[in-house]
Amino acid sequence: RKEVEQDPGPFNVPEGATVAFNCTYSNSASQSFFWYRQDCRKEPKLLMSVYSSGNEDGRFTAQLNRASQYISLLIRDSKLSDSATYLCAYNNAGNMLTFGGGTRLMVKP
Amino acid sequence: EAGVAQSPRYKIIEKRQSVAFWCNPISGHATLYWYQQILGQGPKLLIQFQNNGVVDDSQLPKDRFSAERLKGVDSTLKIQPAKLEDSAVYLCASSLGGSLETQYFGPGTRLLVL
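Just so we're clear, the structure is a prediction, and the values are computed from it rather than from any experiment.

Reading guide: rules and limits
Residues numbered from 1 in each chain as written. Chains lettered and ligands numbered in written order. Predicted model: local features only at pLDDT ≥ 70, side-chain atom pairs only at ≥ 80, totals over all residues. Heavy atoms only, no water. Pairing = 2+ DSSP bridges. Helix = DSSP H or I, 4+ residues; strand = E, 2+ residues; numbered from the N terminus. Axes fitted to C-alpha atoms, helices over the stretch in contact; angles between N-to-C directions. 1 Å grid on protein atoms, 1.4 Å probe; cavity = no way out; pocket = protein on both sides within 12 Å on 5 of 7 lines; lining within 4 Å. Points joined across faces, edges and corners; volume = space filled by probe spheres on them. Nonpolar A, V, L, I, M, F, W, Y, C, P; charged D, E, K, R; others polar. Patch = residues over 30% accessible without salt bridge, like charges linked within 9 Å, V, L, I, M, F, W, Y side chains within 5 Å. Areas by Shrake-Rupley, 256 points an atom, 1.4 Å probe, with all protein chains shown as cover. Salt bridge = Lys/Arg side-chain N within 4 Å of Asp/Glu carboxyl O. Buried < 20%, exposed > 50% of the residue type's maximum accessible area, 1.4 Å probe, protein only.

This part is about the sheet that holds strand S8 (residues 75-79) of chain B. As a general point, the strands of a sheet are linked pairwise by backbone hydrogen bonds and lie either parallel or antiparallel. Residue and element names in this part refer to chain B. Taking strand neighbours across the sheet as the criterion, the four strands line up as S1-S3-S8-S7 in an open arrangement whose pairing is antiparallel. The open sheet is flanked by strand S1 (5-7) and strand S7 (65-68), the only strands paired with a single partner. Neighbour-to-neighbour, the strand axes of the sheet open up by a mean angle of 15°, direction not taken into account. Two elements, S1 and strand S3 (residues 19-24), share three bridges in a ladder whose sense is antiparallel. Within the sheet, the bridge partner assigned to Gln6 lies in S3 and is Cys23.

What follows deals with empty space enclosed by the protein. Residues and elements named next belong to chain A. Evaluation of the coordinates by the stated rule reveals one cavity of 30 Å³ or more. Reported here for the largest cavity is a volume of approximately 30 Å³. Taken together, Val4, Cys23, Tyr25, Phe33, Ile71, Cys88, Ala89 and Tyr90 form the lining of the largest cavity. Every element with two or more residues in the lining of the largest cavity is listed here: strand S3 (19-25) and strand S9 (84-91). With three residues, the single largest contributor to the lining of the largest cavity is S9. Considered class by class, the residues forming the lining of the largest cavity number eight nonpolar, no polar and no charged.

On to the layout of surface pockets, then. Here the largest pocket defines a volume of roughly 730 Å³. Residue lining of the largest pocket: 33 residues in total, with Gln38 and Arg41 of chain A together with Gln37, Leu39 and Gly40 of chain B positioned closest to the centre. Elements represented by at least two residues in the lining of the largest pocket include exactly S9 and strand S11 (103-108) of chain A together with strand S9 (88-95) and strand S11 (109-113) of chain B. Sort the elements by how many residues they give to the lining of the largest pocket and S11 of chain A lands first, with four residues. Grouping the amino acids of the lining of the largest pocket by side-chain chemistry returns 15 nonpolar, eleven polar and seven charged.

Okay, a nonpolar patch on the surface next. Residue and element names in this part refer to chain B. Taken together, the side chains of Ile12, Leu112 and Leu114 make up a nonpolar region of the molecular surface, amounting to roughly 300 Å² of accessible area. Tracing the chain through its elements places Ile12 in strand S2 (residues 10-13). Classification of Ile12 by relative accessible area gives exposed; the value is 61%.

The following block contains the structure:
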């Protein structure tokens, strides 16, 4: 079983739609969780950290469920510019990130 | 503030040749990471440095890959000899150095081995 699993997609959604991605992880000792955004042929950039209490940043909401070992990302009111690959990741005490394979999102007009 | 710099941006070599990549982290960042990202996959950590010491290199194929960060700033990653399956983007990242610090990625070096 992979340490971090994501549905590769692509998720094709119209502008304005709400879309959600899940990511499951197998290492129960994982400390912190993140969502990264990666545009085509670019480097990953941190989108948001994920806290147990859940956190929101504008149109983006991230949730962590430690009991079921998954994290989620919800994007409301999708924009064309949200089209990208979304990578989930966790790190351990040594700050070493383990990434999932990414979920590709395509927002269409 | 300048980000993580990497060079070259692209490299094409034939199998069994050698190649080296260079990374200059964000100023003041003590921790430096090299990741390998194969097309369609997420980045995979190869090696982590704290200043000029190796913290973890458990996923580095040491028979052909080597990395150093001699003065605790710039780093080089070398592959010798390259194999077809080494075709990937090699990403360098840096962070301040404490645990759970945000990692900032460079633009990567795209390697194609023919």
